[in-house]
Amino acid sequence: MDSGILYLVATPIGNLEDITLRALRILEEVDLIAAEDTRNSIKILNHFEISTPMTSYHEHNKIEKAYTLVEKLKSGKNIALITDAGMPAISDPGEDLVRICHENNIEVNVVPGPSACVSALALSGLSSRRFAFEGFLPREKASRAKTLEELKDETRTIILYEAPHHLKATVKELEQALGSRRISIVKEITKKHETVMQTDLTRAIEYYSENDPRGEYVLVIEGKSVEEAEAEKRDKWQQISVKEHVEMYISQGMDKKEAMKCAAKDRGVSKRDIYKELI
């Protein structure tokens, strides 16, 4: 028997009218729908009068249940994977199911649709040419500090998710780590009270000291300018001598010529300048 297909079906992130015709057809035609929260998903299915059976697939059963679903797929069943809102497998336990399906040669199809991160980026007014999607920051203190330290030098536009009860603290942490970068705080995307607040992190702290956050938030933060990042790198290398800089690369296995080339690039000077400094 031929294996079935796993469909990754995007569902609305607020406005039910955003579901696609293809998504409705697939949800009706598959043998089973694997949903992150069946209590939430039943509202969508009932609204569109879809009676396909559901099963739960979430963070706490994602590995064990994935293998159960793969066995059903191997038996010829077609399954649709949906999350609470948006595209499954993006910052979502569905990524493990997709991986395990590929490992078992199960066909995976995508049924694209709403996505909070891309929608927020489009609404933000910030650069969309290059961006880094981080999802929710880690809650564990050490991991969170490490992530914030990494984002400090990120030159791409940064996209984060945040819940209302953590928003105030997160904005303060971001300002401490990144400085007062420009930020677009996008709230309740596609819903009645959708808003975009274009501000900076310092003014955002002031605003939320007087206004309690409500709703679901996406934070779109300006990356560090390339010029600033390059200047900081050059300043960093000025703290060691040219000789030490070149020897650092030689100790990593480079020959002297390549080491001089890399040191010149780091310092924003020519290889000739490095050579003169060495002699």
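Residues numbered from 1 in each chain as written. Predicted model: local features only at pLDDT ≥ 70, side-chain atom pairs only at ≥ 80, totals over all residues. Heavy atoms only, no water.

A.B. asks: Explain the pattern of salt bridges to me, using residue names and the numbers behind them.
C.D. replies: This model, assessed by the stated rule, comprises 16 salt bridges. With its nearest N and O atoms 3.2 Å apart, the salt bridge here joins Asp96 to Arg99. One end of the pair, Asp96, and the other, Arg99, are both in helix H4 (residues 94-103), 3 residues apart, so they sit about a helical turn from each other. One salt bridge in this structure joins Arg139 and Glu162, with 2.7 Å as the shortest N-O distance. Of this pair, Arg139 sits in the loop between strand S6 (131-136) and helix H6 (141-151) while Glu162 is found in strand S7 (residues 157-162), placing the two residues 23 residues apart along the sequence. (Salt bridge = Lys/Arg side-chain N within 4 Å of Asp/Glu carboxyl O. Helix = DSSP H or I, 4+ residues; strand = E, 2+ residues; numbered from the N terminus.)

A.B. asks: Break down the sheet that holds S6 for me, with residues and values.
C.D. replies: Read from one edge to the other, the open sheet built from 5 strands follows the order S6-S7-S10-S8-S9, with strand pairing classed as mixed. Each end of this open sheet is capped by a strand with a single partner; those strands are S6 and strand S9 (195-200). In this sheet, neighbouring strand axes are inclined to one another by 20° on average, regardless of whether the strands run parallel or antiparallel. In terms of strand pairing, strand S8 (residues 182-187) meets S9 through 6 bridges, oriented antiparallel. By the bridge assignment for S9, Lys187 is matched with Thr195. The sheet strands contacting helix H7 (residues 164-178) are S7 and strand S10 (217-221), and the helix crosses S10 at an angle near 10°. The strands touched by helix H8 (residues 201-210) are S8, S9 and S10; relative to S9, the strand with the most contacts, the crossing angle is about 120°. (Pairing = 2+ DSSP bridges. Axes fitted to C-alpha atoms, helices over the stretch in contact; angles between N-to-C directions. Contact = heavy atoms within 4.5 Å.)

A.B. asks: Go over the packing of helix H11 (residues 256-267) against helix H12 (residues 271-278), please, and point to the residues and values.
C.D. replies: At a closest axis distance of 8 Å, the pairing of H11 and H12 adopts a crossing angle of 110°. Put simply, H11 runs roughly perpendicular to H12. Seen from above, H11 lies across H12 with right-handed handedness. For the pair formed by H11 and H12, the contact residues are Lys256, Lys257, Met260, Lys261, Ala263, Ala264 and Arg267 on the first element and Lys271, Ile274, Tyr275 and Leu278 on the second. Residues belonging to the contact of H11 with H12 are distributed by class as follows: 6 nonpolar, no polar and 5 charged. (Parallel < 35°, antiparallel > 145°, perpendicular 65-115°, else oblique. Left-handed = near helix turned anticlockwise from the far one by under 90°. Nonpolar A, V, L, I, M, F, W, Y, C, P; charged D, E, K, R; others polar.)

A.B. asks: So what's going on with the layout of surface pockets? Which residues, and what values?
C.D. replies: Taken as a whole, the largest pocket spans an internal volume of roughly 670 Å³. Lining the largest pocket are 26 residues, and of these Ile13, Ala85, Ala116, Phe136 and Tyr161 lie nearest its centre. Among the secondary structure elements, those contributing two or more residues to the lining of the largest pocket are S6, S7 and S10. Looking at the lining of the largest pocket residue by residue, the classes come out as 14 nonpolar, 5 polar and 7 charged. Here the second largest pocket is characterised by a volume of approximately 220 Å³. What lines the second largest pocket is Pro12, Ile13, Gly14, Leu16, Asn40, Lys43, Ile44, Asp84 and Ala85. Of the residues that constitute the lining of the second largest pocket, the class distribution is 5 nonpolar, 2 polar and 2 charged. (1 Å grid on protein atoms, 1.4 Å probe; cavity = no way out; pocket = protein on both sides within 12 Å on 5 of 7 lines; lining within 4 Å. Points joined across faces, edges and corners; volume = space filled by probe spheres on them.)

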